[in-house]
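Examining the three-dimensional arrangement
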Amino acid sequence: MSTPTPIVPEHFKQLVGERIHDDALRGNIRRATRTSLEKRLAVISDYDDWEELRSLGYDIKRHVIDHLPYYLKKFEHAAAAAGAVVHFATDAAEAREIVHGLAVQRGGPVIVKSKSMTTEEIGLTHALEDAGIRTVETDLGEYIVQLAKEPPSHITAPALHKSRGEIGRLFADTLGIEYTDDPEELTAIARRLLREDFLAADVGISGVNFAIAESGTLCIVENEGNVRLSTGLPKTHIAVMGMEKLLPDMESLGLFLNLLGRSATGQRLTCYTSLITGPRRPHERDGPDEVHIVILDNGRSRMMRDPHLREALFCIRCGACMNVCPVYQSIGGHGYGSVYSGPIGSIITPVFYGEKRSRALPFASSLCGACAEICPVKIDIHHHLLWWRKSMVGSGDAPRSERLMMRIFLAVSRRPALFDLAGRIARLFTPLFRDGDGGISVPVWRGSRSFPAPPKKSFKQLWRHHEQRS
Amino acid sequence: MSHTFVRIVHVSLFIPCLTDQLFPETGMNMVRVLERVGVRVTYDRRQTCCGQPAFNTGYHDESRRLAMHFLDIFDGDGAEYIVAPSGSCATMVTVFYGDLLSLPPEYREKAGRVRERVREFTSFLVDVMHVEDVGAAFSSRVTVHDSCHALRELHIKQQPRTLLRAVRGLQLVEMDEAERCCGFGGTFSVKHADISTAMLEEKVASIERSGAAVVTGVDSSCLMQIDGMLRRRGLPVRTMHIADILASEAA
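Residues numbered from 1 in each chain as written. Chains lettered and ligands numbered in written order. Predicted model: local features only at pLDDT ≥ 70, side-chain atom pairs only at ≥ 80, totals over all residues. Heavy atoms only, no water.

1. Quick notes on the overall build of chain B
For the record, the criterion: Numbering goes from the N terminus for both helices and strands, where a helix is a DSSP run of H or I of at least four residues and a strand is a run of E of at least two. For this measure, only C-alpha atoms enter the radius of gyration; the expected value for a globule follows 2.2 Å times N^0.38, where N is the number of residues. Partly exposed describes any residue whose relative accessible area lies between the buried limit of under 20% and the exposed limit of over 50%, with all areas from a 1.4 Å probe on protein chains only and scaled to the type maximum. Whether two residues are in contact is decided by their heavy atoms: any pair within 4.5 Å suffices. Each accessible area value is a Shrake-Rupley result obtained with a 1.4 Å probe; residue values ignore everything except the protein chains displayed when judging cover.
Looking only at helices and strands, chain B has 13 helices and eight strands in total. Its C-alpha atoms give chain B a radius of gyration of 18 Å, within 12% of the compact-globule value 18 Å for 251 residues. Principal-axis analysis of the C-alpha atoms places the extent of chain B at approximately 65 × 50 × 25 Å. Taken across its 251 residues, chain B has 67% of its residues classed as buried. When contacts within chain B are restricted to residue pairs at least 6 apart in sequence, those whose partners lie at least 24 apart make up 80%. Accessible area of chain B: about 9000 Å², with a carbon and sulfur share of 51%.

2. Side note on the sheet that holds strand E1 (residues 9–13) of chain B
All names here are of chain B. Note the threshold: Pairs of strands are assigned from DSSP output, requiring at least two bridges between the strands. In this analysis an axis means a line fitted to C-alpha atoms, helices contributing only their contacting stretch, and an angle means the value between N-to-C directions, from 0 to 180 degrees.
Across the sheet, which stays open at both edges, the four strands sit in the order E2-E1-E3-E4 with parallel pairing between neighbours. The two strands at the open ends of the sheet, each matched to only one other strand, are strand E2 (39–42) and strand E4 (118–120). For this sheet the average axis-to-axis angle between neighbouring strands, irrespective of direction, equals 35°. The sheet contact formed by E1 and E2 spans four bridges and is parallel. Counted as the bridge partner of His10 is Arg40 from E2.

3. Observations concerning the domain arrangement of chain A
For clarity, the cut-off: Segment limits for the domains were obtained from an automatic or database-derived domain assignment.
As assigned here, chain A comprises domain 1 (23–301) and domain 2 (403–469). Centre-to-centre, using C-alpha coordinates, domain 1 of chain A lies 54 Å away from domain 2 of chain A.

4. Describing the environment of His21 of chain A
Residue and element names in this part refer to chain A. Here His21 is to be found in the loop between helix H1 (12–19) and helix H2 (23–44). By relative accessible area, which is 61% here, His21 ends up exposed. In this structure the C-alpha to C-alpha distance between His21 and Lys378, which are 357 residues apart in sequence, comes to 33 Å.

5. A few points about the side chain of Glu202 of chain B
Of note, Glu202 of chain B is situated in helix H11 (residues 193–210). Ignoring any residue separated from it by four or fewer positions in sequence, one finds Glu202 of chain B in contact with Arg26 and Arg30 of chain A together with Arg180 of chain B.

6. Digging into the sheet that holds strand E2 (residues 111–113) of chain A
Residue and element names in this part refer to chain A. Across the sheet, six strands lie side by side as E1-E10-E7-E4-E2-E3; this open sheet has parallel pairing. Of all the strands in the sheet, just strand E1 (85–89) and strand E3 (135–137) have a single pairing partner and so form its edges. When the angles between neighbouring strand axes are averaged without regard to direction, this sheet yields 20°. Where strand E4 (residues 203–206) meets strand E7 (residues 236–242), four bridges bridge the pair, whose relative direction is parallel.

7. Observations regarding the domain arrangement of chain B
All names here are of chain B. Here is the rule we go by: In the analysis that follows, any N or O atom pair within 3.5 Å is treated as a polar contact, provided that within protein one partner can donate a hydrogen and the other can accept it, and provided that, for residues neighboring in sequence, both atoms belong to side chains. Side-chain classes follow a simple rule in which Ala, Val, Leu, Ile, Met, Phe, Trp, Tyr, Cys and Pro form the nonpolar group, Asp, Glu, Lys and Arg form the charged group, and the remainder, Gly included, forms the polar group.
The domains assigned to chain B are domain 1 (9–126) and domain 2 (132–246). Taken together, the contacts link 27 residues of domain 1 with 23 residues of domain 2. At the junction of domain 1 with domain 2, the criterion picks out 10 residue pairs in polar contact (both at pLDDT 80 or more). Counting residues per element, the ones that place at least two in the side of domain 1 that touches domain 2 are helix H1 (17–22), helix H2 (24–36), helix H5 (87–96) and helix H7 (121–128). Top contributing element to the side of domain 1 that touches domain 2 by residue count: H5, with seven residues. Residues belonging to the side of domain 1 that touches domain 2 are distributed by class as follows: 13 nonpolar, 11 polar and three charged.

8. Side note on the nonpolar core
Short version of the rule: For our purposes a nonpolar core is just a set of buried Ala, Val, Leu, Ile, Met, Phe, Trp, Tyr and Cys residues, chained together by side-chain atoms within 4.5 Å.
One finds Phe75 and Ile293 of chain A together with Tyr97 of chain B to be the most contacted residues of the largest nonpolar core, which totals 125 residues. Excluding residues that lie within four positions of it along the chain, Phe75 of chain A makes contacts with Ala211, Ile212, Ala213, Gly216, Thr217, Leu218, Met241, Leu246, Ile293 and Ile295 of chain A. Of all hydrophobic cores here, the second largest spans 43 residues; its members include Trp463 of chain A together with Met30, Val128 and Ile245 of chain B.

9. A few points about the interface of chain B and chain A
To be explicit about the condition: Buried area adds together the accessible area that both of two parts lose upon being put together, with accessible area traced by a 1.4 Å probe. Between Lys or Arg on one side and Asp or Glu on the other, a salt bridge is scored when a side-chain nitrogen of the former is within 4 Å of a carboxyl oxygen of the latter.
With 67 residues of chain B at the interface, the matching set in chain A holds 66 residues. In total, about 6100 Å² of surface goes out of reach between chain B and chain A, with carbon and sulfur atoms giving 60% of it. Summed over the three residues of chain B that lose the most area to chain A, namely Arg45, Tyr59 and Arg232 of chain B, the buried surface amounts to 12% of that side. Taken together, chain B and chain A are joined by nine salt bridges. Applying the counting criterion to the chain B and chain A interface returns 24 residue pairs in polar contact (both at pLDDT 80 or more).

10. What to know about empty space enclosed by the protein
Residue and element names in this part refer to chain A. The line we're drawing: Every definition here rests on a 1 Å grid over the protein atoms only: cavities are sets of points where a 1.4 Å probe fits but cannot get out, pockets are open sets enclosed by protein on both sides within 12 Å along at least five of seven lines, and lining residues have some atom within 4 Å of a point. Grid points are joined across faces, edges and corners, and a volume is the space filled by probe spheres set on the points.
Scanning the model with the defined rule gives five cavities of 30 Å³ or more in all. Size it by volume and the largest cavity reaches roughly 110 Å³. In this structure, the largest cavity is lined by 15 residues; those nearest its centre are Cys325, Pro343, Ser365, Cys371 and Leu385. Residue assignment for the lining of the largest cavity shows that the elements contributing at least two residues are helix H15 (326–336), helix H16 (342–353) and helix H17 (370–374). Considering each element in turn, the lining of the largest cavity owes the most residues, three residues, to H15. Each residue belonging to the lining of the largest cavity can be placed in one class, and the counts come to 11 nonpolar, four polar and no charged. Estimated volume of the second largest cavity: approximately 90 Å³. Along the walls of the second largest cavity sit 15 residues, with Cys315, Cys318, Cys321, Cys375 and Pro376 positioned nearest its centre. Of the residues that constitute the lining of the second largest cavity, the class distribution is 13 nonpolar, one polar and one charged.

11. Here we look at H11 of chain B
All names here are of chain B. Rules: By this rule, a helix spans an expected 1.5 Å times one less than how many residues it contains.
Here H11 spans 26 Å end to end across 18 residues, near enough to the 26 Å set by a 1.5 Å rise per residue. The element H11 is largely enclosed, with a buried count of 13 among its 18 residues. Once H11 ends, the next one or two residues include Gly211, with phi positive near 75°.

12. Re the packing of aromatic side chains
Our working rule: In this scheme Phe, Tyr and Trp rings, the latter by its six-membered ring, pair at centre separations within 6.5 Å, and the angle between planes marks the pair as stacked below 30 degrees, edge-to-face above 60, and tilted otherwise.
Inspection of every chain in the model, using the stated rule, returns 18 aromatic pairs over all chains. Seen in terms of ring centroids, Tyr58 of chain A and Phe314 of chain A are 5.3 Å apart; in terms of plane orientation they differ by 75°. Their pairing is edge-to-face. Residue Tyr58 of chain A is located in helix H3 (residues 50–66), and its partner Phe314 of chain A is located in the loop between helix H13 (300–305) and helix H14 (320–324); the two are separated by 256 residues in the primary sequence. In terms of burial, Tyr58 of chain A and Phe314 of chain A fall into one category: buried. Three or more aromatic residues joined by ring pairs form one cluster here, namely Phe14, Phe70, Phe74 and Tyr97 of chain B.

13. As for the side chain of Asp297 of chain A
Residue and element names in this part refer to chain A. Note the following rule: The convention is simple: Lys and Arg are positive, Asp and Glu are negative, and His and the chain ends are not counted.
If you trace the backbone, Asp297 turns up in the loop between strand E10 (290–296) and H13. No salt bridge is formed by the buried Asp297; its nearest oppositely charged neighbour, Arg300, is found at 6.1 Å. A distance of 2.9 Å separates a polar side-chain atom of Asp297 from the backbone nitrogen of Arg300. Look past the residues within four positions of Asp297 in its chain and what remains in contact with it is Ala89, Thr90 and Met243.

14. A look at the environment of Ala67 of chain B
Residues and elements named next belong to chain B. As for its placement among the helices and strands, Ala67 is situated in helix H4 (residues 60–74). In this structure Ala67 comes out as buried when scored by relative accessible area, which is 0%. Linking Ala67 and Gly51, residues 16 residues apart in sequence, is a C-alpha distance of 6.0 Å. Apart from the residues lying within four places of it in its own chain, the contact partners of Ala67 are Cys50, Tyr97, Leu101 and Leu103.

Here is the structure:
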């Protein structure tokens, strides 16, 4: 077996090439995304003012990002007052070091970890494992992709690309159990194995969905109960969050829980919503002795300062833009080569991976705008893709042949007479390339379709006859 | 004896480069329908391309020059409306000539004035002229593909359907996922041809399931993409721009 292409954005073309003709993969993705979309439609109809809720979500996010230093400070004070320790990390390496340092001091045979895209962004699990600290993903989807040694392919449904048959075979091969593709049995197996790790772990790591500035509270949503166990059972809870996760107060949390659950999984509310304000208090029976909150910048300050990137910080990581995107549905999350795939991924990946490595992504969209239409906080995703295209072409990241073609296109189109002449010449010669179905073959389409053969006369010529007649 | 004063609406034609070069009959059919509903139509032969292909590919400098050429032609042309047989090109002028293209100040003003007058063809008929029945006859099962720019930027969804329902002999059927992109996306269809093809395959499957004999829409570019695969596969479905259907009269 040949080694698989590394899932990094500079390998976009190869990654797509390896997936685009995989009908089974496309079937898995289409089934899963369609189900999410149908469920979403069913529950957003609870509201006849869903559009206004989206606008409110946008306004609150904009307010928070416009005043981020203020809210960060407020959050830090409130969290510290509740007994949590707040750490700031400027980049991925610093965040990894902080978590690693904390983990090493506290020891324990294993770290239990709940689902978190921010920890994926900083490559935390790999770093801890490389340092010899066994780190177990406890979200079922994450558990599956960890067994498969793959990154998650979707921000809310990490193993969405796999059928239950594939998951059954994976469990049989890696866990030495008998093959079954029954979801309940598979879940029970994972649950039993994970239970031992939950009980043994001294450190639990989680992400954060929302951080409430006024109270220093962390809000984490989930459906499996593993977040409760990861954050409540071990002596130390380490939460990693991007600095854009802040909300002003509990009142705004109500809105955002509605926007997130409904957009992500089509749920009115996820099964578990954990609100964590500092460690266990003396009179409380459960909870960790220590809560550490690692707040990550990693390019977010740059996004905050840039008016074209700022809106991307409003993202609440619901994944609806992926579910609805026909490109995502065709190539899957791994096709993008980035931790953050789909439409939102294509506008934030250049920030995290650098523009040179990510230059295929903003162009890998038909700009249909389904992403912006579904986004619960109204991020104008496809317009930001247009901005990235301009920015990348402007910084010289474009093929020379394309530049030349655009220059010719401009030179011709600015001169109406030349434009007409070019059209006449094209109409004269292209019929020579006609093939079987009367169309013209375009090599990159590999016979899947043809380009129409041009007509004898242009509109301008027809219009002249029309004018003469009337 | 009573006098009826009918105000004649004056429309300036915005014929996209694609229509001019590849689908001239569609442009002429739009003219026929507009004249049939009593509109006075003029056409400025200096127009070429609105600049969208360059804009979408990231070449804003090139696109800006074409936008300025466009605005010089249409600003102050005396017409009340500027009508295009394309939601995509209408979007270029009404949406993208705004902040994203960053035009020089004097052209920003021109863009502001021109933008107000630009309408996509079916939206002009239904929303401006309040016409639903253009007197067309066309016997066939027809399905509508919603073009992305028309749908999501200009909110054109019901207008083509309203017009088609009034066409004699026409049976309107909906395909599943009519709002799903056909995969064209201009230079996207060449830069990422495999993804574009995968998207097109799904669109063609939806069209086949609908049982329609004709697929129509407000943009020739999407229809061109769809037609390319229908013909290559020898499927018994053809594409027609909505202007071509609305210009049809009973034989």
